[in-house]
There are 2 protein chains.
Amino acid sequence: MILVGIIVVLAAGLIGVLIYLKNQPPQTRGFQPLVEIAAQEPDSSKWGINFPNEWATFQKTATNNTDTTYSGSSGFSHLLRDPRQVILFAGYGFGRDYNDERGHMNALTDVRATKRVNEKTPGTCYSCKSANNPALWNEMGMAKYDKTPFVELGARIDQPIGCANCHEAGTMRLIVTNLALEEALDARGMDWTTFSRQEMRTVVCANCHVEYYFAGESKYLTFPWADGTRIEDVIAYYDALAFSDWKYPGTDTPMLKAQHPEYEFYTAASTHYNAGVSCADCHMPYVRDGAMKFSSHDVKSPLLEPELACGQCHTDVDYVIGRVKTIQDEIYKTKLATEDAIIDAITAIQAAVKVSDVGPVLLEEARTLHRHAQMRWDFISAENSMGFHNPEEALRILADAINLARQAQMKAAQSAHAPSLLNIGVYDGMHPKPVPAP
Amino acid sequence: MILVGIIVVLAAGLIGVLIYLKNQPPQTRGFQPLVEIAAQEPDSSKWGINFPNEWATFQKTATNNTDTTYSGSSGFSHLLRDPRQVILFAGYGFGRDYNDERGHMNALTDVRATKRVNEKTPGTCYSCKSANNPALWNEMGMAKYDKTPFVELGARIDQPIGCANCHEAGTMRLIVTNLALEEALDARGMDWTTFSRQEMRTVVCANCHVEYYFAGESKYLTFPWADGTRIEDVIAYYDALAFSDWKYPGTDTPMLKAQHPEYEFYTAASTHYNAGVSCADCHMPYVRDGAMKFSSHDVKSPLLEPELACGQCHTDVDYVIGRVKTIQDEIYKTKLATEDAIIDAITAIQAAVKVSDVGPVLLEEARTLHRHAQMRWDFISAENSMGFHNPEEALRILADAINLARQAQMKAAQSAHAPSLLNIGVYDGMHPKPVPAP
């Protein structure tokens with residue numbers, strides 16, 4: 001009788017525990033808000049109260065500014081590292097001051113420090129630099145924001161890039177905050193609110209890591225994606241608008257400057273993108289703090305922590321690092337060969353322009369070829385992966401750029417009836433010239 | 001008592017079975033020879049008695065001659081498919097008759113049928129076509145074999161490629177049978193007898209799938225590897241010898257023809273090679289016949305059975321096929337652009353040669369650039385993977401080839417004081433010309 005009683009008590013207890021467990025709310029991702037965050041709150045430290053791990057890692061972007069072989073976050077000068085770029089950007093701000101980007105927390109400091117900013121600079125230049133933006137766009141509208149002079153708008157901006165640039169307060173879901181991105185996606189019939197979370201882990205980076213231009217007198221931030229996001233589409237878009245960033249001195253070529261088209265380049269059928277890998281998978285890998293698993297917000301090159309970043313998918317990290325090196329070395333060499341070809345074209349066009357009976361049609365063709373070649377090269381050069389985000393695309397584009405640059409030189413020589421303009425700058429026989437270490 | 005007896009009998013029986021099993025010879029790879037195969041036996045059907053699965057699959061290479069998008073084994077004409085190659089190989093046998101290789105069992109038939117063979121052809125041309133070779137090399141020595149006229153040597157050759165080209169009878173281990181390969185490896189300080197089996201599953205393919213030339217009057221089969229196996233090394237080797245395959249008509253360029261440098265191209269730090277993948281892993285994947293697992297000897301493109309070939313490592317075969325297509329399409333486009341550039345160079349040099357006061361130094365530079373550009377292009381064009389064996393290497397080499405071809409054209413125009421030679425054949429503005437489907 002006592003035995004039966006014990007069994008009954010135990011059974012009742014077990015049923016009770018099971019009912020208790022069943023009635024628990026479904027497990028969330030461990031999010032227990034301590035404070036409420038206002039919509040579009042610019043101050044990331046407030047979000048950091050609820051998300052101490054994300055905030056602690058994000059703050060590392062202020063100081064963890066290490067370089068990799070070809071890039072990184074030290075803010076090195078592209079012009080000092082590769083003096084060819086002084087020639088390639090002559091007559092434009094980037095020919096005077098062109099430093100590599102540092103970590104996200106430095107964005108505001110660095111945009112204010114660059115010598116490319118002056119009293120004519122529009123507010124548009126803050127579009128990618130501050131967590132104040134979503135609230136300001138909401139309040140002012142993007143058109144007014146962009147029209148406001150940089151110096152004037154600066155008074156309302158005190159935060160670097162932060163939580164509000166990618167997250168919705170409360171739900172913390174990833175959102176597109178840059179209206180220019182929303183408009184560009186819309187023009188291509190894409191609605192980001194229907195995207196999967198994994199796709200958003202790439203698309204939020206396109207809030208900034210894209211090719212863009214300032215449209216019209218109002219300097220309205222616009223992504224040139226209406227015809228597509230391949231380099232050929234982007235150039236066709238700019239050509240149709242007769243848009244140029246500057247005139248090349250002595251050649252009068254209407255030039256284009258590429259910004260940082262990581263999104264366009266990576267999503268152009270790259271192997272990682274096609275395999276479903278997002279930007280965040282490699283640049284914000286999952287890490288642990290005790291029992292908490294979270295996405296590191298110390299956004300940086302995967303090469304700085306390959307075991308964490310590459311090791312989430314690849315078991316053979318040493319092999320992977322070797323692959324990256326092989327690929328980047330090849331692309332770097334081809335990129336420099338392209339620069340030599342473009343510089344030869346510039347030299348020839350500059351000489352042709354001075355010839356009294358120069359053929360105007362041929363000269364104009366030479367300019368167009370120069371414009372097209374240099375924008376192709378810059379699409380790869382300005383993109384922050386030395387081609388690794390999409391190696392075949394990089395080399396395909398550089399091969400085209402070399403071809404067009406040499407053709408520009410040839411058209412210039414033809415226009416000037418001057419074969420003497422066909423001198424070749426660097427190639428010295430059998431082997432490509434040894435490349436100086438970066 | 002009866003019960004104890006039964007237990008004792010059962011226990012003894014069990015022990016007996018265990019002892020029997022323990023004393024069995026260690027399990028071999030299932031090889032139980034039915035007949036003894038003579039050393040270097042040319043007739044594969046004899047080997048086939050011992051290895052019916054391997055032999056049955058190998059025989060499929062006679063008739064399983066299906067094409068892929070860019071290659072395959074139907075024996076299609078490169079000249080009909082891409083008429084630019086008629087120009088590029090003008091004045092040489094390959095400009096008259098250039099068919100893609102069919103399966104291994106057709107090698108002998110096809111070499112005898114090609115219009116490139118005539119009464120002057122040396123025996124060397126049989127080096128990659130017959131399982132008679134190992135025994136003949138053993139008997140005659142390679143020097144005498146190579147010197148014997150093709151027609152005369154043919155009387156001693158009745159077998160296509162077969163077992164004896166890669167296997168040692170008896171042990172069935174993979175061996176280097178082509179003495180030219182052994183000598184080429186030796187010149188680079190490599191001893192194939194120390195290689196792992198996995199490495200041999202690549203190296204035996206280099207018995208034939210390599211760049212080679214016929215050295216000297218004796219037409220001695222030689223691989224140009226002494227300086228390395230990259231295209232730059234190969235060209236440097238030929239330049240040092242002042243070797244050429246033919247003179248280009250009307251330009252007098254001493255030209256080089258690439259053969260089928262699969263081994264050199266694949267082993268140049270390609271991603272699959274660096275990951276330890278052998279040729280046989282993809283082209284001779286493991287298959288099953290009942291309980292027997294064996295390497296299919298129906299050697300062919302992995303694209304013809306991707307689930308078997310790619311699926312041994314990749315779980316996402318549809319994704320993999322898509323990658324191959326993306327990569328090959330890009331490389332094909334860049335390869336055609338390279339051909340256009342080389343043809344422009346040829347046209348310019350042909351015109352320059354006719355100019356009475358042509359500058360001889362510049363003209364010679366143009367020829368050298370033409371030679372170097374076309375051999376780079378051919379290294380990719382003749383290689384049987386439309387660049388897929390090593391995509392970055394393919395695009396890097398094509399970018400260099402385009403650059404050198406355009407420079408050749410420029411030097412020709414300079415030599416002739418004639419900017420009119422700078423016409424560009426194909427590029428027609430913004431976009432690369434649409435590429436006709438192969």
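None of the values given here were measured: they were computed from a predicted structure.

Colleague: A description of the overall build of chain A should follow, citing residues and the corresponding values.
Modeller: When helices and strands are counted, chain A shows 19 helices and six strands. Counting only C-alpha atoms and orienting by the principal axes, one finds that chain A spans roughly 115 × 50 × 40 Å. Taking all contacts inside chain A whose residues are at least 6 apart in sequence as the whole, residues at least 24 apart take part in 68%. Only carbon and sulfur atoms are counted for the fraction: they give 58% of the accessible area of chain A, which is about 19600 Å². Averaging the coordinates of the 39 positive side-chain charges in chain A and doing the same for the 52 negative ones gives two points 2 Å apart.

Colleague: Could you give me a rundown of the domain arrangement of chain A, with the residues and numbers involved?
Modeller: Residue and element names in this part refer to chain A. One can read the domain layout of chain A as domain 1 (44-301) and domain 2 (321-423). If you average the C-alpha positions of domain 1 and of domain 2, the two centres end up 26 Å apart. Listed per partner, the contact involves 46 residues of domain 1 and 39 residues of domain 2. Summed over both sides, the interface between domain 1 and domain 2 buries roughly 3700 Å², with carbon and sulfur atoms accounting for 60% of that surface.

Colleague: Residue-level account of the pairing of strand E5 (residues 286-289) of chain A, with values.
Modeller: Here E5(A) runs beside strand E6 (residues 292-295) of chain A; their pairing, made up of four bridges, is antiparallel. Across the sheet, residue Asp289(A) finds its bridge partner in E6(A), namely Met292(A).

Colleague: An account of the environment of Arg112(A) is requested, with residue identities and associated values reported.
Modeller: Residue and element names in this part refer to chain A. With respect to the helices, strands and loops of the structure, arginine 112 is situated in helix H6 (residues 107-113). A sequence separation of 38 residues divides arginine 112 from phenylalanine 150, and the C-alpha atoms of the two residues are 9.4 Å apart. If sequence neighbours within four positions are ignored, arginine 112 has contacts with Tyr126, Phe150, Gly154 and Ile157. One polar contact links the side chain of arginine 112 to the main-chain carbonyl oxygen of isoleucine 157, over a distance of 2.9 Å.

Colleague: Can you tell me about helix H7 (residues 133-140) of chain A, naming the residues and giving the values?
Modeller: All names here are of chain A. Looking only at H7, the buried set comprises Asn133, Pro134, Leu136, Trp137 and Met140. The buried residues of H7 occupy an angular sector of 165° when the element is viewed end-on, so they sit on one face. Opposite the buried face of H7, at more than 90 degrees from it, the exposed residues are Asn138 and Glu139. Residues of H7 that are buried make contact with helix H8 (142-147), helix H9 (150-154) and helix H10 (179-187). Glycine 141 lies just past H7 and shows a positive phi near 80°.

Colleague: How would you explain the state of the cysteines if you had to name every residue and give the values?
Modeller: Taken as a whole, this structure holds zero disulfides over all chains when the rule is applied. Cysteine Cys313(A) is unpaired, with the sulfur of Cys282(A) as its nearest cysteine sulfur at 7.1 Å. Residue classification places Cys313(A) among the exposed positions, given a relative accessible area of 64%. The structure places no disulfide on Cys166(B), whose sulfur is separated from the nearest cysteine sulfur, that of Cys205(B), by 6.6 Å. The class for Cys166(B) is partly exposed, based on a relative accessible area of 23%.

Colleague: Mind laying out the relation of the copies chain B and chain A, listing which residues take part and the relevant values?
Modeller: With an RMSD of 0.6 Å, the fit of chain B onto chain A corresponds to turning through 180° and sliding 0.2 Å along the axis. The superposition of one copy onto the other is thereby described by a two-fold rotation axis. When C-alpha distances to the rotation axis are compared across chain B, the minimum falls at Ala399(B), with a value of 2.2 Å.

Colleague: Describe unusual backbone geometry, naming the residues involved and giving the relevant values.
Modeller: Although it is not a glycine, Gln40(A) adopts a positive phi angle of roughly 55°. Residue placement: Gln40(A) occurs in the loop between helix H1 (2-22) and helix H2 (44-50). Positive phi outside glycine occurs at Ala269(B), with the angle close to 55°. With respect to the helices and strands, Ala269(B) occurs in the loop between helix H14 (262-266) and helix H15 (271-274).

Colleague: Outline the side chain of Asp100(B), supporting the account with residue identities and numerical values.
Modeller: Residues and elements named next belong to chain B. Its location among the elements puts aspartate 100 in the loop between helix H6 (93-96) and helix H7 (107-113). There is no salt bridge for the buried aspartate 100, and the closest opposite charge comes from arginine 81, which lies 7.1 Å off by N-O distance. Looking at aspartate 100, its side chain comes within polar contact range of the side chain of serine 71, at 3.5 Å. At 3.0 Å, the side chain of aspartate 100 forms a polar contact with the side chain of histidine 78.

Colleague: Could you give me a rundown of empty space enclosed by the protein, with the residues and numbers involved?
Modeller: Taken as a whole and judged by the stated rule, the model has three cavities of 30 Å³ or more. The calculated volume of the largest cavity comes to roughly 200 Å³. Forming the boundary of the largest cavity are 18 residues, of which Tyr70(B), His78(B), Lys335(B), Ser381(B) and Met386(B) lie nearest the centre. A breakdown of the residues in the lining of the largest cavity according to their chemical character gives seven nonpolar, six polar and five charged. Shared between two domains, the lining of the largest cavity takes at least three residues from each, and those domains are domain 1 (44-301) and domain 2 (321-423) of chain B. Estimates place the volume of the second largest cavity at around 50 Å³. Around the second largest cavity, the lining residues are Arg323(A), Thr326(A), Glu330(A), Arg230(B), Ala268(B), Ala269(B), Asn390(B), Glu392(B) and Glu393(B). Of all the elements in the fold, those that place two or more residues in the lining of the second largest cavity are helix H17 (317-353) of chain A together with helix H20 (391-415) of chain B. Broken down by element, the lining of the second largest cavity gets its largest block of residues, three residues, from H17(A). Looking at side-chain class alone, the lining of the second largest cavity contains two nonpolar, two polar and five charged residues.

Calculation rules
- Residues numbered from 1 in each chain as written.
- Chains lettered and ligands numbered in written order.
- Predicted model: local features only at pLDDT ≥ 70, side-chain atom pairs only at ≥ 80, totals over all residues.
- Heavy atoms only, no water.
- Helix = DSSP H or I, 4+ residues; strand = E, 2+ residues; numbered from the N terminus.
- Contact = heavy atoms within 4.5 Å.
- Areas by Shrake-Rupley, 256 points an atom, 1.4 Å probe, with all protein chains shown as cover.
- Lys, Arg positive; Asp, Glu negative; His and termini not counted.
- Charge placed at Lys NZ, Arg CZ, Asp CG, Glu CD.
- Domains from an automatic or database assignment.
- Buried area = accessible area lost by both parts, 1.4 Å probe.
- Pairing = 2+ DSSP bridges.
- Polar contact = N/O pair within 3.5 Å; in protein donor to acceptor, adjacent residues only side chain to side chain.
- Buried < 20%, exposed > 50% of the residue type's maximum accessible area, 1.4 Å probe, protein only.
- Arc of directions from axis to C-beta.
- Disulfide = S-S within 2.5 Å.
- Least-squares fit on C-alpha atoms with pLDDT ≥ 70 in both.
- Salt bridge = Lys/Arg side-chain N within 4 Å of Asp/Glu carboxyl O.
- 1 Å grid on protein atoms, 1.4 Å probe; cavity = no way out; pocket = protein on both sides within 12 Å on 5 of 7 lines; lining within 4 Å.
- Points joined across faces, edges and corners; volume = space filled by probe spheres on them.
- Nonpolar A, V, L, I, M, F, W, Y, C, P; charged D, E, K, R; others polar.

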